[in-house]
Structures are given as C-alpha cells and as structure tokens.
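Examination of the molecular architecture
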Amino acid sequence: MTRGADPAIQIDIADANRYATGIPWDDFAALRERPGLHWNPYGGSGFWAVTRHADVCEVSRHPETFSSAIGHVNLWDLEADALEARRSILEHDPPAHTRLRRVVSKAFTPRQMRQYEERTREIADELLDIVIERGGGDWVDLVAAPLPIRVIIAILGVPPEDADYMVELSNHLVEGTTESQSVPPDAYGNTTPLRLLPFGSPAAWGLYEYGAKLGDQRLVHPADDLVSHLVHAEVGGDRLTAAEFRNFFQVLVFGGNETTRTAITHGTIAFADHPDQWDRLAADHSLVPNAVEEIIRWASPILHMRRTTAVDTELAGTAISAGDKVVMWYPSANRDEATFDRPDEFDIGRVDNAQIAFGGGGPHFCLGAFLARMELRVLLEAMLDRGIRPAGASDLVRIPSNFVHGVASVNISVNGASAPVRA
C-alpha cells in the first residue's frame, strides 16, 4: 500500500481533466470528513492532501516546517537546474522571501490601492458601457479578462496597447497546467527548454523577453511605475538580478491578472445563478465589502499550492516524513463545515468571512489581495450604479486545470442596465 493510502478511498484530486466539469466538491467533502490526511498518488509518487481550513492555515504559517524553497510550489517535481531557473518569490522561504517581498510590498498597500482606484473605475466604466450596448455577452472577454490586466499593466508601466498581448501570454501560461498546449515550444521566439520555464510554457519566455526590454528602457528612462521601481530598487545592498527581475515580472502579470479575472467570472456567475443575492445587494450597497469576500471564497481562484516538509512532522494526526509533498487545497478549505456556516450557500451577508483564497496567513499571503478586493469592489459599485443585473449564465466553458479555477468563456445576459448620469 502506498504511503498510508487507504485502498477504500479511491479519490484522485490531482487529475486535471476532472476539473473540466467543475471542482469535485463531493470528493473534497469526503476527504475533510475522513480523519487525518489523504495520500494522493501522483507522478510515480504522491502528496499529502490538506483539505481542512485549520490544517491549511497551519501549513501556511510554518515555513520552517513546510517549505516553499525545497522542491516546487506546484504538484510536479523539477530537476535542480529547472527549479533554480524558475525560482520566483513564490519559491523562497524567509529570510530570502522577506528580502524579495520588501521590494514590491509598498506598491500593494491599502494606501496605494486608493491611488489605483480612479484608474480602475475608469476602466470598469468603459467596459460596462460596452456590456450595456450589447446587452451582455461573453463576460470573460468583455469584463473579467480586460479589467484586471489593464489595471496591473498600468501599475507595472506596460503600455495600454499591449494589454491584449499580456492576456494572450497569461492564457497560454494557464494552458501549462492542463493536459495540452495550443502553441508550439518555439512560440514567441523561445529557444529555452520548456522544463526551464514557468508552467512549462513558451509564453513564459514571451513574458521574460517583454519584461527584460521594458526593464532596460526603465533603467535609462525611469518613470512612476512598478517596473522602474524594480530595476532601480536596492535590496540588501544590491539590486535584483536579471533572473529575479524576469521572474518577478512574470509572477506579477500572471498573479495580477488570472486570480482577479477568475474571481470576477465566478462571482458574476454566482449572482446570475442566485438572483436573490444580487437583489439584496442592489437594495443595500453597504453589503458590497461582504459580497467581495464571499465572491473570493466562492471562486477560490487558485486551487492549490504545494509545500515540501523540511523535517519529520505531524499534521492532523498524520505522520509526515521530511521531503514529503504537502499540498493545500483552497476551495476545500473555503467550504469547510467546521469553519463556515452553510458553506455551500452563496451568501453575501456572511459575516466574519474567514475565506483563505489568498492563503492561510504566513509569509506567502497574496501580495495582490488588496488589489483584487479593490477591483472587485469597484466593479460591483459600477454595475450597481448602472443598474446592471446579471440575469443568466450560459455556454460555460471551463479550463481543465487542477491549478486555476479557470473559465475560458461564459455568456452573461443582463437586464435593467442603463448608463449612469454623470455630472
């Protein structure tokens, strides 16, 4: 029997194809109910599946035991040279992680969010005017994809005309978490072996090259943007290396786009499927902050993150050996009956929402959490201002990924919409 696996529990939560029809909620519920941790075979070995809220928080808050630097943060293993080539802020533990996080943390504080809010509102207004004109349409194409990417590239200093290119590259990165990719290995001029690139995707090379060119420009002609800050910042007495900068750029584009895009999509679908909740929000705008947290819980945009144990330890009564993979599953934690009342209900009035879609605390809590919350809040406010009411969701096409809770497209019909009166 493999590593404590229970032969009576035939559950594989790592099979990406299963997610083509949605998250396997029943399997996650069964794993939460079962004592201890579940050993999930994968790639000739396997991992311990951490599915309960309290256990995810325990792993997140103890990097000295559950390391991001040992091994990889995704399910698959990497050879040593590939791990070093790909290593970003995600694959570091303190103090190295603290050094890198300090470089960008000031760009994502609540105070900075207020500076980005005006631009976010302008983008949301522009996109929703198109939604009104068309009476709805593919919500991913019309709203969920363009809003966050246009915001993050404005922060980075990427020209607005390159927004579609950034979305294209991000889409192909997500494909790297599925069973197939739609672009050849040499796409975007890539000559690097795919095993050395994030997500095994040539789109990562495209982002590397784009970021490097922009960084070189900002070294000579700095501007008031995050790329200028990154290339000129001194960290511990030195500047970011070329590899550190390129990996930072890739993480910021992907993270600043994909997670919020997914939350916007699933949140809008939830309101279309639960019209009473939208009516409740329309009647009481003070519920917007609660609605934002519930959307994030409901969407759980990133499905998992892996850690590797640095020492022999125990979690949930299960003995774990040094070197074992321990994988946190955020959607399951966000539906944990021990933490949430009526976890399978979409309830925008939920108070003390302990959702951990951005991580269970600790040093790797998502840098962009404040940005994502601000974008969701601004979008909801703009929809309410226009009287936009999600009336139905159809033609849903999911992305078969075990890493991103992605939606390729979904048609959202709206009614009651009108342009707001502007002074």
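Refer to the structure above for everything that follows.
Below you will find a few notes about this structure. (Residues numbered from 1 in each chain as written. Predicted model: local features only at pLDDT ≥ 70, side-chain atom pairs only at ≥ 80, totals over all residues. Heavy atoms only, no water.)

This next bit is on the overall build of the chain. Secondary structure assignment for the chain yields 15 helices and 12 strands. In terms of C-alpha radius of gyration, the chain reaches 21 Å, essentially the compact-globule figure of 22 Å for 423 residues. Taken over the C-alpha atoms alone, the chain extends approximately 65 × 55 × 40 Å along its principal axes. In the chain, the share of contacts with a sequence separation of at least 24, taken over all contacts with a separation of at least 6, comes to 69%. Accessible area for the chain stands at about 17200 Å²; split by element, carbon and sulfur atoms hold 51% of it. Positive and negative side-chain charges in the chain, numbering 38 and 59 respectively, have mean positions lying 4 Å apart. (Helix = DSSP H or I, 4+ residues; strand = E, 2+ residues; numbered from the N terminus. Rg over C-alpha atoms; globule rule 2.2 N^0.38 Å. Contact = heavy atoms within 4.5 Å. Areas by Shrake-Rupley, 256 points an atom, 1.4 Å probe, with all protein chains shown as cover. Lys, Arg positive; Asp, Glu negative; His and termini not counted. Charge placed at Lys NZ, Arg CZ, Asp CG, Glu CD.)

This next bit is on the sheet that holds strand S4 (residues 136-138). On the basis of which strands lie adjacent, the open sheet formed by three strands has the order S4-S12-S11 and antiparallel pairing. In this open sheet, the two edge strands, each paired with only one partner strand, are S4 and strand S11 (389-398). Between one strand axis and the next, the sheet turns by 10° as a mean value, whatever way the strands run. Direction of pairing for S11 relative to strand S12 (residues 407-415): antiparallel, over a ladder of seven bridges. Looking at the pairing, Arg398 lines up with Val407 of S12. Packing against the sheet, helix H11 (residues 242-273) makes contact with S11 and S12, and its axis sits at approximately 125° to S11. (Pairing = 2+ DSSP bridges. Axes fitted to C-alpha atoms, helices over the stretch in contact; angles between N-to-C directions.)

Here the focus is the pattern of salt bridges. A side chain of one charge can pair with a side chain of the opposite charge when the charged atoms of the two come close. Evaluated as defined, the whole model comprises 28 salt bridges. In this structure, Asp129 and Arg386 form a salt bridge, with 3.3 Å as the shortest nitrogen-oxygen distance. Placement of the pair is Asp129 in helix H5 (residues 110-134) and Arg386 in helix H15 (residues 369-386), with a sequence separation of 257 residues. A residue is classified by how much of its surface remains accessible, and Asp129, at 30% relative accessible area, is partly exposed. Two residues, Arg261 and Glu258, come together in a salt bridge whose shortest N-O distance is 3.9 Å. Here the residue Arg261 and the residue Glu258 both occupy positions in helix H11, the gap between them amounting to three residues, near one helical turn. Take Glu258: its relative accessible area is 2%, and that puts it in the buried class. Each of Arg280, Asp341, Arg342, Glu345 and Asp347 takes part in salt bridges that share partners, so that together they form one network. (Salt bridge = Lys/Arg side-chain N within 4 Å of Asp/Glu carboxyl O. Buried < 20%, exposed > 50% of the residue type's maximum accessible area, 1.4 Å probe, protein only.)

What follows covers unusual backbone geometry. In this structure, the amide linkage connecting Pro94 to the following residue, Pro95, adopts the cis form with an omega of 5°. Along the polypeptide, Pro95 turns up in the loop between helix H3 (80-86) and helix H4 (96-104). Residue Tyr188 is not a glycine yet carries a positive backbone phi of 60°. Looking at the secondary structure, you find Tyr188 in the loop between helix H8 (163-175) and helix H9 (202-220). Despite not being glycine, Ala316 has its phi angle at roughly 55°, a positive value. Assignment of secondary structure puts Ala316 in the loop between strand S8 (313-315) and strand S9 (318-320).

Taken as a whole, this structure holds 13 aromatic pairs when the rule is applied. When the ring of Tyr210 is compared with that of Phe249, the centres are 6.3 Å apart and the planes differ by 20°; the resulting orientation is stacked. Separated by 39 residues along the polypeptide, Tyr210 in helix H9 and Phe249 in helix H11 bring together distant segments of the chain. Each member of the pair, Tyr210 together with Phe249, is buried. Taking 5.2 Å as the distance between ring centres and 85° as the angle between the ring planes, the aromatic pair formed by Phe271 and Phe346 counts as edge-to-face. You can see Phe271 sitting in helix H11 and its partner Phe346 sitting in the loop between helix H14 (330-333) and H15, a full 75 residues away along the chain. Phe346 matches Phe271 in its accessibility class, with the two residues each being buried. Every member of this aromatic cluster is reached through a ring pair, and the members are Tyr165, Tyr188, Tyr210, Phe245 and Phe249. If you follow Arg246 out to its NZ or CZ, it ends over the ring of Tyr208, 4.5 Å from the centre. Above the plane of the ring of Trp25 lies Arg335, whose end atom (NZ or CZ) is 3.9 Å from the centre. (Phe/Tyr/Trp six-rings, centres within 6.5 Å; stacked < 30°, edge-to-face > 60°. Lys NZ or Arg CZ within 6 Å of the ring centre and 35° of its normal.)

Spatial ordering of the open sheet is given by S1-S2-S10-S7-S3, a layout of five strands whose pairing is mixed. Both edges of this open sheet fall to strand S1 (38-42) and strand S3 (66-67), since each of them pairs with a single strand only. Bridging between S3 and strand S7 (residues 304-309) involves two bridges; their strand directions are antiparallel. Note that in S7 the partner of Ser67 across the bridge is Thr308.

Worth remembering: the numbers are spatial, not functional.
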